[in-house]
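As a plain string of letters, each chain reads:
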Protein chains: 2
Amino acid sequence: MTGSIPAGYDPYAYEPFAVTVDLAVFTVRAGQLHVLLIRRAQEPHRGAWALPGGFVLPRESAERAARRELAEETGLPARLVGELHLEQLRTYSEPDRDPRMRVVSIAFTALVPDLPEPSEQGGGDADRARWVPVERTGELAFDHGRILADARTRIGAKLEYTCLATAFCPPEFTLGELQAVYETVWDTVLDRPNFRRKVLATPGFVEAVPGAARLTGGRGKPAALYRAGPATALHPPLLRPEGHRR
Amino acid sequence: MTGSIPAGYDPYAYEPFAVTVDLAVFTVRAGQLHVLLIRRAQEPHRGAWALPGGFVLPRESAERAARRELAEETGLPARLVGELHLEQLRTYSEPDRDPRMRVVSIAFTALVPDLPEPSEQGGGDADRARWVPVERTGELAFDHGRILADARTRIGAKLEYTCLATAFCPPEFTLGELQAVYETVWDTVLDRPNFRRKVLATPGFVEAVPGAARLTGGRGKPAALYRAGPATALHPPLLRPEGHRR
DNA sequence: CGCCTTTATGGTCGCACTGACTATAAATGG
DNA sequence: CCATTTATAGTCAGTGCGACCATAAAGGCG
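Residues numbered from 1 in each chain as written. Chains lettered and ligands numbered in written order. Predicted model: local features only at pLDDT ≥ 70, side-chain atom pairs only at ≥ 80, totals over all residues. Heavy atoms only, no water.

Within an unreviewed UniProt entry, the label attached to chain A reads NUDIX hydrolase, and the organism entered is Streptomyces antimicrobicus. We quote the UniProt Sequence similarities (unreviewed entry) comment for chain A here in full: "Belongs to the Nudix hydrolase family." (UniProt positions renumbered as here; feature names shortened; annotations may be inferred.)

The next thing to look at is the packing of helix H4 (residues 175–186) of chain A against helix H5 (residues 192–201) of chain A. Residues and elements named next belong to chain A. The interhelical angle for the contact between H4 and H5, taken along N-to-C directions, is 100°, at an axis separation of 11 Å. The angle between the axes of H4 and H5 places the two elements in the roughly perpendicular class. On H5, the residues that touch Leu175, Gly176, Leu178, Gln179 and Tyr182 of H4 are Arg192, Phe195, Arg196, Val199 and Leu200. Broken down by class, the residue content of the contact of H4 with H5 amounts to six nonpolar, two polar and two charged. (Axes fitted to C-alpha atoms, helices over the stretch in contact; angles between N-to-C directions. Helix = DSSP H or I, 4+ residues; strand = E, 2+ residues; numbered from the N terminus. Parallel < 35°, antiparallel > 145°, perpendicular 65-115°, else oblique. Contact = heavy atoms within 4.5 Å. Nonpolar A, V, L, I, M, F, W, Y, C, P; charged D, E, K, R; others polar.)

Glancing now at the packing of helix H3 (residues 144–161) of chain A against H4 of chain A. Residues and elements named next belong to chain A. It is at 10 Å that the axes of H3 and H4 come closest, and there the two elements cross at 140°. In terms of their interaxial angle, H3 and H4 are classed as oblique. Where H3 crosses over H4, the two elements pack in a sense that is left-handed. Residues Ile155, Gly156, Leu159 and Glu160 of H3 pack against Val181, Tyr182, Val185 and Trp186 of H4. (Left-handed = near helix turned anticlockwise from the far one by under 90°.)

As a further point, take the pattern of salt bridges. Per the stated rule, a full pass over the model turns up 32 salt bridges over all chains. For the salt bridge of Glu63 of chain B with Arg67 of chain B, the shortest nitrogen-to-oxygen distance reads 2.9 Å. Note that Glu63 of chain B and Arg67 of chain B are positioned in helix H1 (residues 62–73) at a spacing of four residues, about one turn of the helix. Where Arg68 of chain B meets Glu72 of chain B, a salt bridge forms, and the shortest distance between an N and an O atom there is 3.3 Å. A residue pair is termed a helical-turn pair when its members lie 3 or 4 positions apart in one helix, as Arg68 of chain B and Glu72 of chain B do in helix H1 at four residues. On the basis of relative accessible area, Glu72 of chain B is assigned to the partly exposed category, the value being 47%. Through salt bridges with shared partners, a single ionic network connects Glu60, Arg68, Glu69 and Glu72 of chain A. (Salt bridge = Lys/Arg side-chain N within 4 Å of Asp/Glu carboxyl O. Buried < 20%, exposed > 50% of the residue type's maximum accessible area, 1.4 Å probe, protein only.)

Let us now look at the sheet that holds strand E10 (residues 223–228) of chain A. Residues and elements named next belong to chain A. Read across the open sheet, the three strands follow the order E8-E10-E9; overall the sheet is antiparallel. Edge positions in the open sheet fall to strand E8 (173–174) and strand E9 (206–214), since each of these has one partner strand only. Two strands pair when backbone bridges link them, and E9 and E10 are joined in this way by five bridges, in the antiparallel orientation. Considered in E10, the bridge of Glu207 is made with Arg227. (Pairing = 2+ DSSP bridges.)

Residue and element names in this part refer to chain A. Here Thr162 lies in the loop between H3 and E8. Thr162 gets classed as buried once you look at its relative accessible area, which sits at 11%. At a separation of 3.3 Å, a polar atom in the side chain of Thr162 contacts the main-chain amide nitrogen of Leu164. For Thr162, the contacting residues outside a window of four places in its chain are Tyr182, Thr232, Ala233 and Leu234. (Polar contact = N/O pair within 3.5 Å; in protein donor to acceptor, adjacent residues only side chain to side chain.)

Residues and elements named next belong to chain A. Summed over the entire model, instances satisfying the criterion amount to five aromatic pairs over all chains. Judged by centre distance (5.5 Å) and plane angle (65°), the ring pair of Tyr182 and Phe195 falls under edge-to-face. With Tyr182 in helix H4 and Phe195 in helix H5, this residue pair connects regions lying 13 residues apart in the sequence. The exposure class assigned to Tyr182 is buried, which follows from its relative accessible area of 0%. Taken together, the aromatic side chains of Tyr182, Trp186 and Phe195 make up a single cluster linked through ring pairs. The ring of Tyr92 carries Arg90 above its face, with NZ or CZ at 4.5 Å from the centroid. (Phe/Tyr/Trp six-rings, centres within 6.5 Å; stacked < 30°, edge-to-face > 60°. Lys NZ or Arg CZ within 6 Å of the ring centre and 35° of its normal.)

The next point concerns the domain arrangement of chain A. All names here are of chain A. One can read the domain layout of chain A as domain 1 (18–159) and domain 2 (162–228). Taken together, the contact pairs 16 residues of domain 1 with 12 residues of domain 2. Here domain 1 packs against domain 2, burying approximately 1200 Å² in sum over the two surfaces, 73% of which is carbon and sulfur. Where domain 1 meets domain 2, there are zero salt bridges. Mapped by element, the contributors of at least two residues to the side of domain 1 that touches domain 2 are strand E1 (18–29), strand E2 (32–39) and H3. (Domains from an automatic or database assignment. Buried area = accessible area lost by both parts, 1.4 Å probe.)

Have a look at this one:
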């Protein structure tokens, strides 16, 4: 609530809470879902891989803190960080999730296209951010393994009933690339003609770029290019097939 | 992330954060969606209506705090509070949402059946909790109006693809009562035979109580009784009609 | 140059689900 | 007994989708 204060409540009387943000930033690269990780330079969990994030400052909202930390800790371009669609995942508040003190962490999820210049262009510090295939992140620091698992579940579900898949694609993309996003995140194989029919039948999902086409790595017929449309929701949803995994 | 601590970080050096929980608890009563509110006894917003909630204690998770505050502040039976399905909505962290200090609030949503003895059986304090139709909550304290709006949006969406609607019903209910839940939350009218067909065709959504029936207020054919089944998700979803509102 | 491979794109067919609607059963109140 | 009310059963057409098949347009290679 922010409800009734216990009689005689004094903000400084209790053990203070720290509030942090953690970010699960995904991209699709080479047919695999990757997540942005950093290597911890300090204790605790020094040397372990962790999600980027950090403390919320006294006059900052959680979302502002998330963008600031993302810019500071990773090599992502400032423009991208500023325009990124951040979605709150959930807040992790178990009392002992951080050994130092009571830390409540607000987790966010974001999707970015595969960057032409990877994050290696980085922030300049020795331990810079790395894209890691989600299947090959070993143990992560704190409860970040759980956060990452929750984030994967969430984005898989969101692809079903939103247009977010285009966030994984560059500004102009082919339907084959868009389909690869779905297939990678869901780890399935989709029928190409059916996928095409469904996407084009949803008004505002994608818009054709007139006359544009891109050669598909040299082989095959060039594919038409599309841009993300104004729609955000998918009606009816694009349901993930249940049976056959890739 | 719970990431790298700024050099020389001292938990007590910053203005401390307080962490609270707020609860949007809904029920369906007399064909209207109601939310559980309390009247604030202290400043700020003294006398204003607010969502129940309160401070998270130093060794408590947010969910435990939510259950404790709900039991303390409202007249809900202890058993119900203990078994309630609490879902995290999102966390509100704007710096000035509470005039006293920096308060970050984790909001939860819960659904309960219409209680035979309303909340008036209450906690014993003068200002006890009240069920208020969601259309008639005026201005609420803090940013609770926004939280309530977000919670309504969420439960409307969740009815589409989960079996949560049964949480609004008593242990045994008729399909007419279940349909009324959907119609109330969505503010629509549904076709009864079609609703029935859809619900019964979803395995594990509801289970018939053998031989049981309830007279429907005297008039009409008695309706068969059902219990909530083991399923939690709805495949395929029960989509809300777009056009005709009630 | 002709043929094969590869990828994009266009179309068909049948099934399952849904919305709109009609019909019957079982209770109550006059 | 009949009208009314509510639950339950069934029908029928349209639609979306999965599983296919067919054609178009590029490059590689003999």
